[in-house]
Structures are given as structure tokens and as C-alpha cells.
Amino acid sequence: MIRSFAMAAACVALTACGGTGGKPATASSTPPAQKGPGLGKGYSHDPYPSTYRPYPGVPTLVTNVTILDGEGGRIDRGAVLFRDGKIVALGQNLAADAGVTVIDGQGKYVTPGVIDIHSHLGDYPSPGVDALSDGNEATSPVTADVWAEHSVWPQDPGFGRALVNGGVTTLQILPGSANLFGGRSVLLKNVYARTMQGMKFPGAPYGLKMACGENPKRVYGSRGREPSTRMGNIAVDRQTWARAAEYKRRWEKYERDGGEPPSRDIAMDTLRGVLDGEIRVQNHCYRADEMANVMDMAKEFGYHVSAFHHAVEAYKIADLLKANNTCAAVWADWYGFKMESYDAVPENLAILEKEGACAMIHSDDANGIQRLNQEVAKARASAIRGGFDVSEATAWKWLSINPALALGIADKTGSLKPGKMADVVLWNGNPFSVYTRPEMVWVDGALLYDAKDPKRRPVSDFELGQPGEGDVK
Amino acid sequence: MRKTLFLAAAACVALAAPAMAQDVAITNAKLVIGDGSAPVEGGTVVVRGGKVVAAGRGVAVPAGVQTVDAGGRYVTPGIFAGFTRLGIVEVDGVAVTNDAAAGSSPFNAALDVTPAVNPRSTPVAINRADGVTRAVVAPDNSKGSIFAGQGAVIDTRSDLHAVARPRAFQFMEYGESGGRAAGGSRPAAIAMLRNAFAEARDYARNPASFAGRGKDALLTRADAEALAAVVQGKVPLLVHVERASDILVLLQLKRETPGLKLVLVGATEGWTVAKDIAAAGVPVIASPLNDLPASFEQLAATQSNIGRLRTAGVLVGIGTINDDEARQARLEKQYAGNLVALTRVPGATGLDWNAAFAAISAKPAEALGMGDAFGSLRTGRVGDVVVWDGDPLEIGSMPVKLFIDGVEQPLTSRQTRLRDRYWKPEEGALPKAYQR
């Protein structure tokens, strides 16, 4: 019963989230050049490539556990096998070959690693001092030229806390929301490295952070410049998209016909990437009416909003979001801290799920990211209290496959499917309980946290030799 | 700094009014007293005249008292939120609705949250529906002074008489934020504190002579009056402090100031000097889950802080400073549950369930010296009683009935109304505006 309900719900959500690479079905844009002298001679689309390499792991079979597969499936008294960094199999009767490390998970749960689609770890790291505050290039409302990855400080102690307390294995680092066009996001594996590139999720699409509402109009209105209103927000957005469309036309002509290359504009590179469906729009937006305006603007210029972030009023337009294949990434119970969060309800995720829209949890917070499983548990409890019976397996989609789909990495991670990255959490109980914590966390099959082994716990450079030393004291 | 001898008394309008106290008995309860003792199965709590008269197993219900059968559910004291700004802020980002701080006021220690408390602010109802029945409400300081002003203890009843204990304490900032506010350093904060205490003592000795002081006097008369209550030990001084060395400075200050009732707030690094805090007999209202080096005064942050403080013998309750404290005191039960979770993490120090619940009920009340009035279901305490639909520290558990001063309270809010309106998002025969 539980399982069949969950699987049906999973199919709905997979459709809603859309596996289309972020490109709208009705895009009016020209396809990228397939031939011609300019093709490939323009500019690199990956100038800061990932150098992430999975750490070595041992073939591992976790048995006797409740498995939530991240796509809505559940296996009781199940087992999961992973090897060489990939999920191999899961089921109720898996035998261990020779050389496989067997972990008896009696009474425990196994899930895919948590994916946080909205984090500022690294660009607003701990300690929160001005010298490390690198999340908002708040000098112009349009800073599509900046890339969050150039702010990410890989020594942020928050990465380690998100791993060991939250079971977070993948996270999207976004620029802040001061600007209409905040800049590019970067997707990271939650594995410490000496460089940002060493954490960078290989082969993941970029995102573009956009923002509507109070923040841009407040930041720039207070300086006596556009935008100072919501209509100003949209006006600057549209003007910018119009420029981007022109830039795209010039480059496509050059790539097709050759001749003198057009002038490079780093900001426009990113916006062209959006119009080409190569970069996904991740749009900070709270109010229902503003999300509707943004979705119309996206149609006007031929792009697609992958997800609205925060989206506290998403529940009011769940049907509209579903019709537009646009996801909502939300909190469980934040409210009232600003005017546009005034109408938040704890049933936001419940109503979105009930209406068949694509929904997920997000943190936007260095503390909240340590407890996203608990945030989902709250949202699920609100759904059940309202009479909508969301199963544990369905609710786990809000932490894994749905963010993976919105990020364009669902073919690589986000569920326990054979062939996908072995990003796995063994919880020491039911992860919908406040009394449960991660016991072991694997990323690409490498054991990077073990509650019983103090050596399997990261301590960032910043904390080494400090009295805290990574909360391992 | 000193501008005018404006009468601070005007700000101290008493809003206290007699409660519409009621008698109620709740039987067949999994009864949690809140003082750290284990739940009692088949328990009864009797409230008369708004106060607990008996609680435990085998307690008889007096004739004529309304009785509620809890059906074996958890019955607990309401959550006593140890540090909040509940009721003085409607929307943080809308300045005119935010009475936590007064950046342009000539006063500081005199500022009294009492007239700002609005029992109809939406966070009050939202927190009540989640089981919070009492809250310590503190003002926030502003640049220019370490002193924030006088805080209160409020209830979350649905009437307009929320302030149970006006001017219950003075709140001040020390450490990084206190040092910046005082002029740029911790020594500046300590100098301000010592001078303020000295002037407050002058005021206490002879209020009439206070107007004719020399030109080096810094304190307004109203501020001096408020701080006189602190130096005389009439009200506690709550101090936000995080760094271990800063805590030791405050403990030394307490030794130098006979009668000072010091309470530490935050105390992220408290566990590293837990024995000193315990020896000084200073209670702590701690932030339970701070585990990040969010600042240079919180480098030793760990979720084991409260557990280790308690093990060392410190009286410690949970509060929420710099943690959405105008709206999210309701998260304290989740925080307390997380401290129970720590007991299963090797190397960590958590709280058992009973101690965890006491950390959001009796302990913060005791830390403020009000354990005889609030925070537990021991005889004589206020009749704040909650019947829960599950383990109150577990995610998703909610009150099914809630009494404050023995009076049953509504559990609805703007949020429940919006949920009901939009449970099905599409418009029906009429616009949503007609659906209510």
C-alpha cells in the first residue's frame, strides 16, 4: 500500500519537474549552431573545470534497513550494495560477495544523500565577518557576470556540519538576492578540497540566480536608482533579456558565418546560456503574483524558470507552477521576517505535493542545512494533519530526486538507482524523528563520515588548532 | 548623551490586569511536571484560580471542577521560552512594527518593553498554537550603549493582558556586539558598565540629588533609575556573552558587585569554563544547537554545550538569541529533542528526555529566579497546561488543548486561516477573497 502510493506519486512529480534540461518546450530561440566556421571558436563554456575525484571506497552492502530510494520507493528490511562509487543494487535479498564489507543496519534507515538546492556555504561562510562576506555583488542590479564559485571559500566549517549532522552530499551555492541578476551558481559535492574546483560537481549544469521582490528594489531604491519598485524590477529584467537576445543572435551569426567575432560580454555569456537552455534559472521569489509575472516574462524571452526559491506563497498558485513545469524550493516553517514572507504557511510543501507540482525543501541557512530531514518531517506532519497522507518515501523526494531534477543532475545522483553516484546516508533511526542523526555518510562510495570513528570527521583549516576544532572535541 | 530629564515613568504604563482565571482538571495524562522528573502515567493535574494546586498520580479532582480526559496523552507545562522578542515585533523587516530596538532614543537601560507588547501580533498566536505559553521578552540594544533596557515575562493568552512580569530584568550586550556598541572595544563596554553601575548607585543613594551632577555624568536619570534596580539586586542582569574569556570577565564583575544577579545568555563557549560558571552559581540561558564558529567569539561552538554545562552543575535553560526570536520560540521543542538525539552520538553530550523538557520549562524560569511562579506543574505555579497529540519533543507533535492560567486558549492563527483558504488553490464560484 505504502509503496504503490509512493510510486504513483513519484511519476507525477517526475513529470512535473521536467527532465528537459531546463529548456522550455515552446522556446522561440534558435537552436545553438551545429556547424559553421564560428562554432567552437567563440569561448570556453567551462573555463574553471571540476577537478573533483571520488575518494576510494570499499564495496559495501548495508543490510537489514528501511530504504527510501529518493524517488518515492520504499523497501522494508532491505539492502543496498554499492561498489566503485556507484549504486549496484538494492532489494530484500542481496547476497554479499567475497570482499564486500557488510554493515548490519538493524532498525536504521538508508536514504540517498540530501541535496540542498539553496545554500550560501562558502560565499557567506563561518565566521560571518565582513572580510569573508562574498555572496552579494551589490553594486549593480544586474551582475550576471559574477560567478558564485569565485567567492566560494572551500574552508567554510559549514560544509562539514552539513555532512555530519545533515547527511548533505550535494549543494548548490548561489549568489545572494540583492540583485535582479545575481550571477551564476555552482554545484558542489560536499567533500572538502583545497580548491573550489576540487569540490565542483562534475558535469553539472550552471544555474543563474535571479531575484524578484523586496530585496533588489530596497537595495537600489535606497540609492536613488532603478529599480525602486516591483515594476522597476521587471523593467530592468526585460531590458536585460532584450540585450541578451541580441547578444545571442550576434554570436550565433558569427558561429554560423564567421567573420569578426562579436565583443565578449561576460554577463551576456551567462544570459545567452540561459536562452540556449544550457544554464538553469534559480529564481528567488516569495509572492504568488510575482512568480506569475516572472513566468510570463520567461515565456516572453524564451527561457524557463527551473525553480522558484523561498516561494512562500507557492501554495497559492500550485496549479500554475505545475502548468509551467516550474518547481518550488521552500522552507518548512519560516515566516514573517519580511513583508513578502507574511503569508507563509507550514502546509506549503503539502499543498504543492497534493496538487502535483514539483516541490522540495531548501535551507538558505548554515544551521538549517544541518536538519533538512527534520524540516521535511515537519512539512510531512503538516500534510498529514491537513488530511493529505504523504508517505515517508514520497516526502524524501523533497530532499533528493526533486532537487536533482531542478538542478539537472537527476541522471547522476538524487536516488538509489543502479549506476548512479553512491551518495548514501545510513541514519541511526528513522530520519523523520528528531532523535535521529546520520551514522555514516558516503559520497561517491567513499565513507566520509562515521559517527563511531573520530577520524572520519572533517575539520576545516579554519578550525584546526582552535578550541572548537570542528565540533569534534 | 544625556539630553533631558524626560520622565521615564510615562513609559512604564502598567498593562497588568487580573486574569480571567479558571479551574480545570486534566486526568488520565502521561504527566510531565517539567522539573526534570520522569513522566507519570495515569497522572492528573488540577488548576484552581489559575494556579496548579496538585499534580501527580492519585490526585483527586475536586467536585465541580471541569475535567478533561487526556486519554493517556502527554500533558505538560506550557513551553517557557527563555529568551525571545515575542510580541514586540510583527514583521522584522517592517521597521514601524519592530519595537525591539530604539536606535535614536536618548535612553537605553530605561527602555521598557512593556508598552510595546502586542498580544495580537501574529507570532503570539502562532507560538501559542505550538505550545509556547510564556516567554521572556528582551529589548535589543543599539549603537551607543551596551544596555538594551528592561524586559518582561509575558503569557501568550488571546486576551490583551500579556505582561505577567513587567520590568523583570535588565538586558545588556557584552562581547563583540557590546564592545562595538560601547565605542569599539570590550574595555569600552566594561568602562561603560562600571560607570553606569557607579552612577546607578549614586542615584539609589539619593535620587533627589541626581539632577545636579558634574559634567562627566553620562547616565540619564531614567537610565540610572532602571540600573539602580540592577545594582541593588532587585532584578537580574541578563548579559549576552559568547566567548569563554568574556564569561570569566563577567564572573569577576559579579564577584565585585555584591548582590548582582547575573544571568548569562548565549554562552556558546560556556562549556570550556563550565566549572567556573557553576562555582559562581550563575545560571545560563543557552542557545542549544549553535555548533558553527559563526563569529570569533564562538570558535568553540558545539551542540554539546548545554549537556556539558548541566553535567558541570550549571543551572541551564534554553533560549533563542539571534535566532528568529521574535517569531520562532516554538522551535525550542525541536531544539530540545535534538539535545536528546545527541545522547546517541558518540563523543557528544546531550540531555535525557526529562532534562531536555525541563530545559524549555522549569530551568529557564529558575534561571530568572521565577521558578516558584512559572515553568512547571508543581503546586503554586501558573496553570499553563498543554495536552499534546504525541511526544512534545518529536517533530510534528502539536497541542490539542492548551490552557494558560487555567483558561483554555484557541489554537488557530492567520496561518491556519490561509491554509484553509488555499488547501485547494484554484478559485471556485467566487474569488478567494470571499472564501473564509
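Numbering of residues begins from 1 in every chain and follows the order in which that chain's sequence is written. Whichever chain is written first becomes A and whichever ligand is written first becomes 1, with later ones labelled in order. Since the coordinates come from a predicted model, pLDDT governs what is reported: local features require at least 70, and pairs of side-chain atoms require 80 or more to be given and counted, while whole-chain, interface and lining totals use all residues.

## Here we look at the overall build of chain B
Step number 1: Summing up its helical and strand segments, chain B has eleven helices and 16 strands in all.
Step number 2: Over its C-alpha atoms chain B spans a radius of gyration of 22 Å, differing by no more than 12% from the 22 Å that the globule rule assigns to 436 residues.
Step number 3: Taking the principal axes of the C-alpha coordinates as reference, chain B spans close to 65 × 55 × 50 Å.
Step number 4: By the criterion used throughout, residues are in contact when their C-beta atoms, derived from the backbone, lie within 7 Å. For chain B, contacts bridging at least 24 residues in sequence account for 70% of all contacts bridging at least 6. By the criteria applied, helices consist of DSSP H or I runs no shorter than four residues and strands consist of E runs no shorter than two, each listed in order from the N terminus. What the globule rule says is 2.2 Å times the number of residues to the power 0.38, and the radius of gyration is computed from C-alpha atoms.

## Comments concerning the overall build of chain A
Step number 1: Counting its regular elements, chain A contains twelve helices and 17 strands.
Step number 2: For chain A, whose C-alpha radius of gyration is 22 Å, the value lies close to the compact-globule estimate of 23 Å for 473 residues.
Step number 3: Along the three orthogonal principal directions, the C-alpha set of chain A runs to about 65 × 50 × 50 Å.
Step number 4: Burial is judged by counting other C-beta atoms within 10 Å of a residue's own C-beta: 20 or more means buried, 12 or fewer means exposed, and anything between counts as partly exposed, with every C-beta placed from the backbone. Put simply, chain A has 473 residues, and 60% of those count as buried.

## Quick word on the interface of chain B and chain A
Step number 1: Across the boundary between the two partners, chain B contributes 40 residues, which contact 46 residues of chain A.
Step number 2: Only helix H1 (122-129), helix H8 (332-341) and helix H11 (414-422) of chain B provide two or more residues apiece to the side of chain B that touches chain A.
Step number 3: The greatest single-element share of the side of chain B that touches chain A, amounting to five residues, is contributed by H8(B).

## Topic: the packing of helix H2 (residues 175-182) of chain B against helix H3 (residues 186-205) of chain B
Residues and elements named next belong to chain B.
Step number 1: Only the stretch in contact is used when a helix axis is fitted, and all axes are lines through C-alpha atoms; the angle between N-to-C directions ranges over 0 to 180 degrees. Taken N-terminus to C-terminus, the directions of H2 and H3 make an angle of 75 degrees; their axes are 7 Å apart at the nearest point. Between H2 and H3, the angle falls in the class roughly perpendicular. Where H2 abuts H3, its residues Gly178, Gly179 and Ala182 lie against Arg186, Ala188, Ala189 and Met192.
Step number 2: Note on residue classes: Ala, Val, Leu, Ile, Met, Phe, Trp, Tyr, Cys and Pro are nonpolar, Asp, Glu, Lys and Arg are charged, and everything else, Gly too, is polar. Here the residues of the contact of H2 with H3 are counted per class, giving four nonpolar, two polar and one charged. Working definition: roughly parallel below 35 degrees, roughly antiparallel above 145 degrees, roughly perpendicular at 65 to 115 degrees, and oblique for all remaining angles.

## Here's the deal with the sheet that holds strand E13 (residues 327-330) of chain A
All names here are of chain A.
Step number 1: Strand order in this open sheet of six strands is E8-E10-E11-E12-E13-E14, and the pairing throughout is mixed. Edge positions in the open sheet fall to strand E8 (181-184) and strand E14 (359-361), since each of these has one partner strand only. Across the sheet, the axes of successive neighbouring strands diverge by a mean angle of 20 degrees, strand direction being ignored.
Step number 2: A pair of strands counts as paired when DSSP detects no fewer than two bridges linking them. In the sheet, strand E11 (residues 280-285) pairs with strand E12 (residues 305-310) via five bridges, with the strands oriented parallel. For valine 281, the partnering residue across the bridge sits in E12 and is valine 305.

## Some words on the nonpolar core
Step number 1: As used here, a nonpolar core is made of buried Ala, Val, Leu, Ile, Met, Phe, Trp, Tyr and Cys residues. They are joined through C-beta atoms within 7 Å. If you look at the biggest cluster of nonpolar residues, it comprises 271 residues, and the most contacted ones within it are A:Val80, A:Ala328 and B:Val45.
Step number 2: Once residues within four sequence positions are removed from consideration, A:Val80 is found in contact with A:Val62, A:Ile67, A:Ile87, A:Leu90, A:Val110, A:Leu416 and A:Val424.

## Describing the pairing of strand E7 (residues 132-137) of chain B
Residue and element names in this part refer to chain B.
Step number 1: Burial runs high along E7: six of the six residues are buried.
Step number 2: Of the pairings in the sheet, the one linking strand E6 (residues 79-84) to E7 comprises four bridges and is parallel in character. Bridged to alanine 81 within E7 is alanine 135.
Step number 3: Taken together, E6, H1 and E7 constitute a β-α-β crossover, and its handedness is right-handed. Note on handedness: a clockwise path from strand one over the helix to strand two, with the strands aimed away from the viewer, defines a right-handed crossover.

## Considering the sheet that holds strand E6 (residues 114-119) of chain A
All names here are of chain A.
Step number 1: On the basis of which strands lie adjacent, the open sheet formed by three strands has the order E6-E7-E9 and mixed pairing. Two strands close off the open sheet at either side, each with one partner strand: E6 and strand E9 (186-189). Averaged over neighbouring strand pairs, the angle between their axes works out to 20 degrees when direction is ignored.
Step number 2: As paired strands, E6 and strand E7 (residues 168-173) are joined by four bridges and run parallel to one another. Along E7, the bridge assignment pairs aspartate 116 with leucine 171.

## Focus on the pairing of strand E14 (residues 385-388) of chain B
For a regular strand, side-chain orientation follows a simple rule: the groups alternate between the two sheet faces.
Residue and element names in this part refer to chain B.
Step number 1: In E14, alternate side chains face the same way, and those of Val385 and Val387 on one face and Val386 and Trp388 on the other are all buried.
Step number 2: Taken together, the three bridges between strand E5 (residues 74-77) and E14 define a ladder with antiparallel strand orientation. The partner of threonine 76 across the bridge, within E14, is valine 386.
Step number 3: Bridge count between E14 and strand E15 (residues 399-404): four bridges; the pairing is antiparallel. Paired with tryptophan 388 across the two strands is proline 399, which belongs to E15.

## Here we look at unusual backbone geometry
Residues and elements named next belong to chain A.
Step number 1: In this model, serine 126 is joined to proline 127 through a cis peptide bond whose omega is -5 degrees.
Step number 2: By the element assignment, proline 127 lies in the loop between E6 and helix H2 (157-166).
Step number 3: In this model, glutamate 226 is joined to proline 227 through a cis peptide bond whose omega is 0 degrees.
Step number 4: Mapped onto the elements, proline 227 comes out in the loop between helix H4 (214-221) and helix H5 (230-257).

## Regarding H5(A)
Residue and element names in this part refer to chain A.
Step number 1: The length a helix should cover is 1.5 Å for every residue beyond the first. Here H5 contains 28 residues, and its C-alpha end-to-end distance of 41 Å stays within 8% of the 40 Å for a straight helix at 1.5 Å per residue.
Step number 2: Within the span of H5, buried status applies to Asn233, Val236, Asp237, Thr240, Trp241, Ala244, Tyr247, Lys248, Trp251, Glu252, Tyr254 and Glu255.
Step number 3: At its buried positions, H5 is contacted by E8, H4, helix H6 (266-275) and helix H7 (288-301).
Step number 4: Looking at the residues trailing H5, positive phi occurs at glycine 258, about 75 degrees.

## Points about the environment of A:Asp461
Step number 1: With respect to the helices, strands and loops of the structure, A:Asp461 is situated in the segment after strand E17 (446-450).
Step number 2: Placed 202 residues apart in sequence, A:Asp461 and A:Gly259 show a C-alpha to C-alpha distance of 50 Å.

## Regarding the packing of H3(B) against helix H4 (residues 221-231) of chain B
Residue and element names in this part refer to chain B.
Step number 1: Relative orientation of the contacting elements H3 and H4 amounts to 95 degrees, with a least axis distance of 8 Å. The angle between the axes of H3 and H4 places the two elements in the roughly perpendicular class. Contact residues: Ala196, Phe197, Glu199, Ala200, Arg201, Tyr203 and Ala204 in H3; Ala224, Glu225, Leu227, Ala228, Val230 and Val231 in H4.
Step number 2: Among the residues making up the contact of H3 with H4, the classes are represented as ten nonpolar, no polar and three charged.

## Observations concerning H2(A)
Residue and element names in this part refer to chain A.
Step number 1: Burial runs high along H2: ten of the ten residues are buried.
Step number 2: Burial in H2 covers these residues: Pro157, Gly158, Phe159, Gly160, Arg161, Ala162, Leu163, Val164, Asn165 and Gly166.
Step number 3: The inward-facing, buried residues of H2 contact E6, E7, helix H10 (372-385), strand E16 (438-443) and E17.
Step number 4: In the stretch just after H2, glycine 167 is the one whose phi turns positive, near 65 degrees.

## Re the confidence of the model for chain B
Step number 1: pLDDT gives the predictor's per-residue confidence on a scale running from 0 to 100. Of the residues in chain B, 94% have a pLDDT of 70 or more, and the chain-wide mean is 94.
Step number 2: Here the prediction assigns the complex a pTM of 0.93, and the interface score ipTM is 0.94.

## Side note on the confidence of the model for chain A
Step number 1: Residues at a pLDDT of 70 or more form 90% of chain A, whose mean pLDDT is 92.
Step number 2: pLDDT under 50 marks residues 1-31 of chain A. Its contacts with residues more than four places away, or in other chains, come to 57 contacts.

## Examining the environment of B:Leu411
All names here are of chain B.
Step number 1: Inspection of the secondary structure assignment puts leucine 411 in the loop between strand E16 (407-408) and H11.
Step number 2: On the basis of neighbour counts, which here come to 17 C-beta atoms within 10 Å, the residue leucine 411 falls in the partly exposed class.
Step number 3: If we skip the residues at most four places from it in the chain, leucine 411 touches Ala129, Pro399 and Leu402.

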